[in-house]
Amino acid sequence: QVQLVESGGGLVQPGGSLRLSCAASGSIFEIYSMVWYRQAPGKERELVARITSGGTTNYADSVKGRFTISRDNAKNTAYLQMSILKPEDTAVYYCNAEILSAYRGSWWGQGTQVTVSA
């Protein structure tokens, strides 16, 4: 059994910062990629940032230069540092990870709400 739990969401003013965390727990042998997605009301879920087990990162064009993804392999945790937040960053942010447990599969967290508003 594997669980992903996101935390760190909330309400922030435009231009502000937040750091999201995604902690994986359970019977885990290896975590491959860890990915942050987001879904705004009425829109499709979109990839925000990805980090591989080796630390290679990639970002959506809309967040490049403002968001930074990182991970702590010892803690099975990924982070998303979000800066210079804009109202259009408002969404539910989800963590996804490809994990080797009893089998190799893809797990999702429950999501954390980020609201950027004055």
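Residues numbered from 1 in each chain as written. Predicted model: local features only at pLDDT ≥ 70, side-chain atom pairs only at ≥ 80, totals over all residues. Heavy atoms only, no water.

Turning next to the overall build of the protein. Looking only at helices and strands, the protein has zero helices and 11 strands in total. Going residue by residue from the N terminus, the α and β elements of the protein occur as β-β-β-β-β-β-β-β-β-β-β. Relative to its length of 118 residues, the protein is compact, with a C-alpha radius of gyration of 14 Å against a globular reference of 13 Å. With the C-alpha coordinates aligned to their principal axes, the bounding extent of the protein is approximately 45 × 25 × 25 Å. Counting over 118 residues, the protein shows a buried share of 43%. Long-range pairs, those at least 24 residues apart, make up 54% of the contacts in the protein with a sequence separation of at least 6. (Helix = DSSP H or I, 4+ residues; strand = E, 2+ residues; numbered from the N terminus. Rg over C-alpha atoms; globule rule 2.2 N^0.38 Å. Buried < 20%, exposed > 50% of the residue type's maximum accessible area, 1.4 Å probe, protein only. Contact = heavy atoms within 4.5 Å.)

A few words now on the pattern of salt bridges. It is possible for side chains bearing opposite charge to pair when their charged atoms get close. Throughout the structure, instances matching the rule amount to five salt bridges. Across the salt bridge formed by Glu46 and Arg38, the nearest N and O atoms sit 2.6 Å from each other. Judged by relative accessible area, Glu46 falls into the partly exposed class, the value being 35%. In this structure Arg38 comes out as buried when scored by relative accessible area, which is 5%. In this structure, the salt-bridge partner of Asp61 is Lys64, at a minimum N-O distance of 3.1 Å. A relative accessible area of 65% places Asp61 in the exposed class. Taken together, the salt bridges that share partners define one network made up of Arg38, Glu46, Arg66 and Asp89. (Salt bridge = Lys/Arg side-chain N within 4 Å of Asp/Glu carboxyl O.)

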